[in-house]
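Letter by letter, the chains look like this.
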Amino acid sequence: MIPKKFIAVAAIAVPLAACSDMNPTQQRALTGTAGGAAGGALIGAIAGNAGMGAAIGAGAGLAGGLLYDYHKRSEDTAYQRGVKEGSQKKSGG
């Protein structure tokens, strides 16, 4: 019989190892999905249906992760635009 601690460690380590080849958008989507599924499963277990809670939480987490990614990309674009405009003004352009 496999110890429960080993399964718990593997359940955390394997998804984290898979994140190394992902771009930031994929990482944020996965993080949101995993976090939403965990939270949904917890709430669902309290309400009596952990599977349904996990499914709903995963969908909500995915949406949240993608919205956060959109915000961060917009923020980065605005920063880069500001740097470019600042360097143009400094050089007399």
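Bear in mind the structure is a predicted one, so any value in this text is a computation, not a measurement.

> Break down the overall build of the protein chain for me, with residues and values.
Scanning the protein chain from N- to C-terminus turns up 3 helices and 0 strands. Helices and strands appear in the protein chain in the N-to-C order α-α-α. Here the protein chain, with 93 residues, has 14% of them falling under the buried criterion. Of the accessible surface of the protein chain, which amounts to about 7000 Å², a share of 68% is contributed by carbon and sulfur atoms.

> Describe the packing of helix H2 (residues 24-47) against helix H3 (residues 50-90), naming the residues involved and giving the relevant values.
Where H2 contacts H3, the axes come no closer than 6 Å and their chain directions differ by 150°. Looking at the two axes, H2 sits roughly antiparallel to H3. Along this stretch, H2 crosses H3, giving a crossing that reads as right-handed. A class-by-class count of the residues in the contact of H2 with H3 yields 11 nonpolar, 10 polar and 4 charged.

> Go over H2, please, and point to the residues and values.
Here H2 is 24 residues long and its end C-alpha atoms lie 34 Å apart, about the 34 Å a rise of 1.5 Å per residue gives. Turning to H2, its buried residues are Ala29, Gly32, Gly36, Gly40 and Gly44. The secondary structure elements touched by the buried residues of H2 are H3. Capping the start of H2 is the job of one residue whose side-chain oxygen sits 3.0 Å from the backbone nitrogen of threonine 25: asparagine 23.

> With reference to specific residues and values, describe the pattern of salt bridges.
According to the stated counting rule, one finds 3 salt bridges in the structure shown. Between arginine 73 and aspartate 69 there is a salt bridge whose closest N-O contact spans 2.8 Å. Within this pair, arginine 73 and its partner aspartate 69 are both found in helix H3, separated by 4 residues, close to a single helical turn. Among the residues examined, arginine 73 registers a relative accessible area of 45% and is labelled partly exposed. Note that glutamate 75 is salt-bridged to lysine 72, the shortest N-O span being 2.9 Å.

> Explain the confidence of the model for the protein chain to me, and be specific about the residues and the numbers.
Model confidence for the protein chain is summarised by a mean pLDDT of 87, while 84% of its residues fall at 70 or above. In the model of the protein chain, helix H1 (residues 4-18) stands out as the element of lowest mean pLDDT, 68, in contrast to H3, which has the highest, 94.

> Describe in detail H3, supporting the description with residues and values.
Helical geometry: 3.6 residues make up each α-helical turn, so side chains three or four residues apart lie on a common side. Under the 1.5 Å per step criterion, the end-to-end length of H3 is 58 Å for 41 residues, consistent within 8% with the ideal 60 Å. Of all the residues in H3, the buried ones are Gly53, Ala54, Gly57, Ala58, Gly61, Gly65 and Asp69. Considering only its buried residues, H3 is in contact with H2. The first or second residue beyond H3 is glycine 92, which carries a positive phi of 85°.

Rules behind the numbers
Residues numbered from 1 in each chain as written. Predicted model: local features only at pLDDT ≥ 70, side-chain atom pairs only at ≥ 80, totals over all residues. Heavy atoms only, no water. Helix = DSSP H or I, 4+ residues; strand = E, 2+ residues; numbered from the N terminus. Buried < 20%, exposed > 50% of the residue type's maximum accessible area, 1.4 Å probe, protein only. Areas by Shrake-Rupley, 256 points an atom, 1.4 Å probe, with all protein chains shown as cover. Axes fitted to C-alpha atoms, helices over the stretch in contact; angles between N-to-C directions. Parallel < 35°, antiparallel > 145°, perpendicular 65-115°, else oblique. Left-handed = near helix turned anticlockwise from the far one by under 90°. Nonpolar A, V, L, I, M, F, W, Y, C, P; charged D, E, K, R; others polar. Expected span 1.5 Å × (residues − 1). Contact = heavy atoms within 4.5 Å. Polar contact = N/O pair within 3.5 Å; in protein donor to acceptor, adjacent residues only side chain to side chain. Salt bridge = Lys/Arg side-chain N within 4 Å of Asp/Glu carboxyl O. pLDDT = per-residue confidence, 0-100.

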